[in-house]
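Fold and geometry: a report
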Amino acid sequence: MHEYGLFKDALAVFHRLLNMSMELFGKNCSDTAMIYGMMAQLCAELGKHEDALNYACHAKRIVEKLKEEMPFTIIMVYLSIANSFYLYGKKEESLSCYERIMKLSNGLELEHEQEIVVNVIIGVYYCIKKEYQKALDYLQKSVDVEGNDDIYSALKCMYLGEVYFALEKYDDAMEQYRKALSVVEKKYGRSSVYLGYVYSSIADVFNETNQYNEALEYGQKALAVFREKFDNGNVVIARINKTIGYAYYGLEEYQEALHYYQQAITILRHLGAEEYILAETINQAGNVYYAKKEYQDALKCYQQALELHKKLGIEDSSTAIIMDNICYAYNQIEERHTALEYRKEALSIRERLGEGITADIYNTVGIDCYDLQEYQDALQYFQIALEVQKKLVVEDTFTASINNIIGNALRGLGKNKEALEYYKQALGVLKRLGVEISLTASISNNIGDALNSLEKYKEAKKYHKAALAIRNKIGESIKADQYNVVGVVCYNLREFDEALKYYHKALGLQKEFGIEDTLTASINNNIGNAL
């Protein structure tokens, strides 16, 4: 059908062929089913989803009556039906057709080229199911068609690319898409709609590898092809607008990004299909508003995306990401308790899914609790983060950071002795790594604070002075409160002259930066006490 170049003309031809088939062979023959199937796929590609569904159901009713007659023809009919369902967004119905294909092909003696086609079809089935290793196994069985220039060679390369893309093997994905591009250009020319699909896939790889100018170039090429073939209200136009929007977002050209995202959203809402893609697009539009610091608009988008997930009964990793985004937006508008609720729910989803669970995720929830002075909850999340980190047999600066923040949570609960143990573990990690960084100074300072609370002033002084020395060594500016705290420890040791030295340094910094706040008042009061 693609040799006609114009899908609408092709549909008229199929109608004539359908009438001829019915007159010559009857309504329930394999040829009639095949034509219905091709019409269904064509309508789905045109965005005429109701017509596509109607034709697909006609084809399905016929092939179910044919049983085992002409099995390969029936396989091809089921393929058209499966594609129609898939493009309409009816994934389960599509997978059912693919499963029927697998059953029909099992034990069937096929010619070599037919076997290649079936392997590609089964590979596509597993790709849709996101069982990528199985998809890879079947698609690679057809590796000997490299020299072929038929559409199944291109299809194989496209879906191999999709598998590699899903596995984040972007170089391998690009290699396969380039092969598909070569086949399509050779076989179908530069006016083929397949060219648009390949351009779109290449743009996606460039987006994922942060090559946004290249993504924009291929996205615009795809859009030009699709505009020649489809109405502006087609789902294919919506998808490529989304891809272009993402490229502009990466280039920080936010108004252009919003323009393309909004076009995609308008089309998808009008069609009433592809609601998962609609949710994803709205969420990405929210990211643009967030980058523009328009947090209320961002929040509105994120909440709309979440409502679509609830409507569809979806709870996956992208649902958790949307909830994270809602949390970030609420934090920006100072509604931190509400933000924390969404952060916790995002974590619960990841736990139920058993994926995306890292020490950093638990640590982030803990920090949110800590900032709200919910120290007991914070402690719980920090300790889980530490356990996850230990299972990785990893000891790095993040391990030190988790131990340090557990100490902070314990101090918030007034448990200075227990806090001290975690601070010392954190410092021990950094010493074993042989690093002296800002975190090293902060931990030394925290140890000093804990010791000071335990009235171990001499040890506290040692750690506070060590913190100052580290900051001087690494060229980090020292703040007034850091001098003031050393002065407080010296005062507790009744070393008043030394205390005054540190207090005056602290006060000098406050005056240098023109700061007059509660710390300034506290330092002046400390100087008075020392005098």
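Note that the structure is a prediction, hence the values are computed from the model and not measured.

Helix and strand counts for the protein chain stand at 26 helices and zero strands. By the compact-globule yardstick of 24 Å for 531 residues, the protein chain is too spread out, its C-alpha radius of gyration being 32 Å. Overall, the C-alpha framework of the protein chain stretches about 110 × 45 × 40 Å when taken along its three principal axes. The buried share of the protein chain, reckoned over its 531 residues, is 50%. Sequence-distant contacts in the protein chain: of pairs separated by 6 or more residues, those separated by 24 or more amount to 55%. Of the roughly 25700 Å² of accessible surface on the protein chain, a fraction of 47% belongs to carbon and sulfur atoms.

Here we take up the side chain of Asn-363. With respect to the helices and strands, Asn-363 occurs in helix H18 (residues 359-371). Among residues more than four places away in sequence, those in contact with Asn-363 are Phe-382, Ala-385, Phe-398, Ile-402 and Ile-405.

Our next topic: a positive patch on the surface. On the surface, Lys-417, Lys-424, Lys-431, Lys-456 and Lys-462 cluster together into a positively charged patch. The element best represented in the positive patch is helix H21 (residues 416-433), accounting for three residues. Mapping Lys-462 onto the fold places it in helix H23 (residues 457-473).

Now for the packing of aromatic side chains. Under the definition given, this model contains 13 aromatic pairs. A centroid spacing of 5.9 Å and a plane angle of 20° characterise the contact between Tyr-330 and Tyr-342, whose relative ring orientation is stacked. Of this pair, Tyr-330 sits in helix H16 (residues 317-332) while Tyr-342 sits in helix H17 (residues 336-353); the two residues are twelve residues apart in sequence, bridging distant segments of the chain. For Tyr-330, a relative accessible area of 10% translates into the label buried.

Once that is clear, we can look at the nonpolar core. The biggest cluster of nonpolar side chains holds 112 residues, and the ones touching the most others in it are Ile-75, Tyr-78, Ile-81, Tyr-98, Ile-202 and Phe-226. Within the second largest apolar cluster, 37 residues are counted, among which are Leu-340, Phe-382, Val-388 and Leu-427.

This part covers unusual backbone geometry. The phi dihedral of Lys-293 falls on the positive side, at around 65°, and the residue is not glycine. Take Lys-293: it is sitting in the loop between helix H14 (275-291) and helix H15 (295-312). Take Lys-293: its relative accessible area is 62%, and that puts it in the exposed class. Of note, Gln-373 is a non-glycine position whose phi angle comes to about 60°, a positive value.

Here Leu-167 shows up in the loop between helix H8 (151-166) and helix H9 (170-188). For Leu-167, a relative accessible area of 36% corresponds to the partly exposed category. Residues Leu-167 and Tyr-260, 93 residues apart in the sequence, show an inter-C-alpha distance of 27 Å.

Attention now moves to the packing of helix H24 (residues 480-492) against helix H25 (residues 496-512). To describe two helices that pack against each other, one gives the angle between their axes and the distance between the axes. Two elements in contact, H24 and H25, have axes separated by 8 Å at closest approach and are oriented at 165°. Considering the angle they form, H24 stands roughly antiparallel to H25. The chirality of how H24 crosses H25 is left-handed. Between H24, through Ala-480, Tyr-483, Asn-484, Val-486, Gly-487, Val-488, Cys-490 and Tyr-491, and H25, the contact on the second element is made entirely by Phe-496, Glu-498, Ala-499, Tyr-502, Tyr-503, Lys-505, Ala-506, Leu-509 and Gln-510.

All right, on to a nonpolar patch on the surface then. Together, Leu-17, Met-20 and Leu-24 make up a nonpolar patch on the protein surface, roughly 300 Å² of accessible area in all. By the secondary structure assignment, Leu-24 is in helix H1 (residues 7-25).

With respect to the helices and strands, the residue Ala-180 is situated in helix H9. The exposure class of Ala-180 is buried, given its relative accessible area of 0%. Sequence separation of Ala-180 and Tyr-194 is 14 residues, and the distance between their C-alpha atoms is 9.3 Å. Not counting residues up to four positions away in its chain, the partners in contact with Ala-180 are Ala-154, Cys-157, Met-158 and Val-198.

Moving on to the pattern of salt bridges. Overall, the coordinates contain 21 salt bridges when judged by the stated rule. One salt bridge connects Arg-352 with Glu-345, and the closest N-O pair in it is separated by 3.0 Å. Shared partners join several salt bridges into a network, and the residues in it are Asp-324, Arg-343, Arg-350 and Asp-368.

With 18 residues, helix H13 (residues 254-271) should cover 26 Å at 1.5 Å per step; its first-to-last C-alpha distance of 26 Å lies within 8% of that length. Of the residues flanking the end of H13, it is Gly-272, one or two places downstream, whose phi is positive at about 70°.

So, on to the confidence of the model for the protein chain. Put simply, the protein chain has an average pLDDT of 86, and 90% of its residues get 70 or more. In this model residues 1-6 is a low-confidence stretch, pLDDT under 50, and it forms ten contacts with partners more than four residues away in sequence or in other chains.

Take the packing of H18 against helix H19 (residues 375-391) next. At a minimum axis separation of 8 Å, H18 and H19 run at an interaxial angle of 165°. Taken as axis vectors, H18 and H19 run roughly antiparallel relative to one another. Two packed elements cross with a definite hand, and for H18 against H19 that hand is left-handed. In contact with Ala-359, Tyr-362, Asn-363, Val-365, Gly-366, Ile-367, Cys-369 and Tyr-370 of H18, H19 contributes Tyr-375, Asp-377, Ala-378, Tyr-381, Phe-382, Ile-384, Ala-385, Val-388 and Gln-389.

Turning to helix H7 (residues 132-141), a few remarks are in order. Taken together, the buried positions of H7 are occupied by Ala-135, Leu-136 and Leu-139. Seen from one end, H7 has its buried residues packed into an arc of 100°, which puts them on one side.

By secondary structure assignment, the location of Thr-32 is in helix H2 (residues 30-46). Looking at Thr-32, the relative accessible area reads 0%, which means it is buried. Every residue in contact with Thr-32, bar those within four places of it in the chain, is listed here: Leu-18, Ser-21, Met-22, Gly-26, Lys-27 and Ile-62.

The next point concerns the environment of Gln-376. Along the chain, Gln-376 falls in helix H19. Note: C-alpha distance between Gln-376 and Tyr-295 (81 residues apart in sequence) is 30 Å.

Reading the values: rules and limits
Here, residues in each chain are numbered from 1, in the same order as that chain's written sequence. Per-residue local features of the predicted model are confined to residues with pLDDT of at least 70, and side-chain atom pairs are confined, for both listing and counting, to 80 or more; whole-chain, interface and lining totals are unaffected and use all residues. Think of the side-chain values as coming from all heavy atoms in the structure, minus any hydrogens and water. Helix and strand assignments follow DSSP, with helices taken as H or I runs no shorter than four residues and strands as E runs no shorter than two, numbered in order from the N terminus. Only C-alpha atoms enter the radius of gyration, while the globule expectation follows 2.2 Å times N to the 0.38, with N the number of residues. Using a 1.4 Å probe on the protein chains alone, a residue whose accessible area is under 20% of its type maximum counts as buried, one over 50% counts as exposed, and one in between counts as partly exposed. Note on contacts: a residue pair is in contact if any heavy atoms of the two residues lie within 4.5 Å. Accessibility throughout is a Shrake-Rupley quantity obtained with a 1.4 Å probe, and a residue counts as covered only by protein chains that appear here. Each patch is built from residues lacking any salt bridge and having more than 30% relative accessible area; the joining distance is 9 Å for like charges and 5 Å for nonpolar side chains (Val, Leu, Ile, Met, Phe, Trp, Tyr). Salt bridge, as used here, is a side-chain nitrogen of Lys or Arg placed within 4 Å of a carboxyl oxygen of Asp or Glu. Note that His is not counted, nor are the chain ends; the positive residues are Lys and Arg, and the negative ones are Asp and Glu. Where a charge lies is defined by one atom per residue type: Lys uses NZ, Arg uses CZ, Asp uses CG and Glu uses CD. Stacked, tilted and edge-to-face are the three classes assigned to paired rings of Phe, Tyr and Trp, where Trp is represented by its six-membered ring and a pair needs centres within 6.5 Å; plane angles under 30 degrees give stacked, over 60 edge-to-face, the rest tilted. Take the buried residues of types Ala, Val, Leu, Ile, Met, Phe, Trp, Tyr and Cys, join any two whose side-chain atoms come within 4.5 Å, and each joined set is a nonpolar core. An axis is simply a line fitted to the C-alpha atoms; with a helix, the fit covers only the stretch in contact. Between two such axes, the angle follows the N-to-C directions and lies from 0 to 180 degrees. Oblique is the label for every angle not falling under 35 degrees (roughly parallel), over 145 degrees (roughly antiparallel), or within 65 to 115 degrees (roughly perpendicular). Crossing handedness follows the turn of the near helix against the far one: under a right angle anticlockwise gives a left-handed crossing, and clockwise gives a right-handed one. The span you would expect from a helix comes to 1.5 Å times its residue count less one. Confidence of the predictor in every single residue is expressed as pLDDT, which spans 0 to 100. The arc in question is the one spanned by the directions pointing from the helix axis to the C-beta atoms.

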